[in-house]
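What follows is each chain in one-letter form.
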Amino acid sequence: MAGEEELPVRRRDQELDFHDVLPENCPHCGCQFVYAKDDPGIVWDPGRAWAEECSNHDCHCHDEPVIGRRRDEEPVNPL
Ligand SMILES: [Zn+2]
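Predicted model, so just to flag it, every value in this text is computed and none were measured.

S.K.: Just to check I follow, could you spell out the overall build of the protein chain for this structure?
M.R.: Within the protein chain, the secondary structure is distributed over one helix and five strands. Its helices and strands taken in sequence order, the protein chain reads β-β-β-β-α-β from the N to the C terminus. Here the protein chain, with 79 residues, has 19% of them falling under the buried criterion. Looking at the protein chain alone, contacts between residues at least 24 apart form 34% of all its contacts between residues at least 6 apart.

Below you can see the structure in the form of structure tokens.
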């Protein structure tokens, strides 16, 4: 294992339910997002947290981040 990741173990989805999460790399830019262990359809994108090795700052995961919901679901609480 290279490097300690400072990822929260659990995150809240947009309905405020907690999920255990696992990291995954965005196939489009290489940044890390996380998804719910119990429901991999629910994801949390990095938003403005670009990784150093990010290859595309305009990637959808930065430009239109999906936070605690499915990619095809409308946000309940747009910030
Ligand atoms: Zn991306």
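S.K.: Would you mind showing me how to read the nonpolar core here?
M.R.: Generally speaking, nonpolar side chains in soluble globular proteins are found buried as a group. In terms of nonpolar packing, the biggest core is built from twelve residues, these being V21, C26, C29, C31, F33, V34, A36, I42, V43, W44, C59 and C61. When residues of this core are traced back to their parent elements, those giving at least two are β3 (32–36) and β4 (42–44). Contact partners of F33, with chain neighbours within four places excluded, come to E24, C26, V43, W44, D45, P46 and C61.

S.K.: What is the right way to read the sheet that holds strand β2 (residues 18–25) from this model?
M.R.: Whenever strands of a sheet pair, they do so through backbone hydrogen bonds, lying parallel or antiparallel. Taken in spatial order, the five strands line up as β1-β2-β3-β4-β5 in an open sheet, and their pairing is antiparallel. Strands at the two margins of the open sheet, each flanked by one partner only, are β1 (10–12) and β5 (67–70). Going across the sheet, the axis of each strand differs from the next one's by a mean of 40°, ignoring polarity. Summarising the sheet, β2 and β3 pair through five bridges and their orientation is antiparallel. Residue pairing across strands places E24 opposite F33, the latter belonging to β3.

S.K.: Is there a simple way to think about unusual backbone geometry in this case?
M.R.: Across residues other than glycine, the phi torsion is negative in most instances, and most of the peptide bonds are trans. The backbone phi angle of L16 is positive, close to 70°, even though this residue is not glycine. With respect to the element layout, L16 can be found in the loop between β1 and β2.

S.K.: Just checking my understanding: could you explain the environment of D20 for this structure?
M.R.: Looking at where D20 falls in the secondary structure, it is placed in strand β2. A tally of 12 C-beta atoms within 10 Å means that D20 is categorised as exposed. Measuring from C-alpha to C-alpha, the distance between D20 and V9 comes to 5.8 Å, with eleven residues separating the pair along the chain. If we skip the residues at most four places from it in the chain, D20 touches V9, R10, K37 and D38.

S.K.: It is not clear to me how the environment of V43 should be interpreted in this structure. Could you clarify?
M.R.: With respect to the element layout, V43 can be found in strand β4. With 22 C-beta atoms packed within 10 Å, V43 lands in the buried category. Expressed as a C-alpha distance, the spacing of V43 and R11, which sit 32 residues apart in the sequence, is 9.9 Å. In this structure V43 touches F33, Y35, V66 and R71, once residues within four positions along its chain are discounted.

The rules behind each value
- Residues numbered from 1 in each chain as written.
- Predicted model: local features only at pLDDT ≥ 70, side-chain atom pairs only at ≥ 80, totals over all residues.
- Helix = DSSP H or I, 4+ residues; strand = E, 2+ residues; numbered from the N terminus.
- Buried ≥ 20, exposed ≤ 12 C-beta atoms within 10 Å, placed from the backbone.
- Contact = placed C-beta atoms within 7 Å.
- Core = buried A, V, L, I, M, F, W, Y, C linked by C-beta atoms within 7 Å.
- Pairing = 2+ DSSP bridges.
- Axes fitted to C-alpha atoms, helices over the stretch in contact; angles between N-to-C directions.

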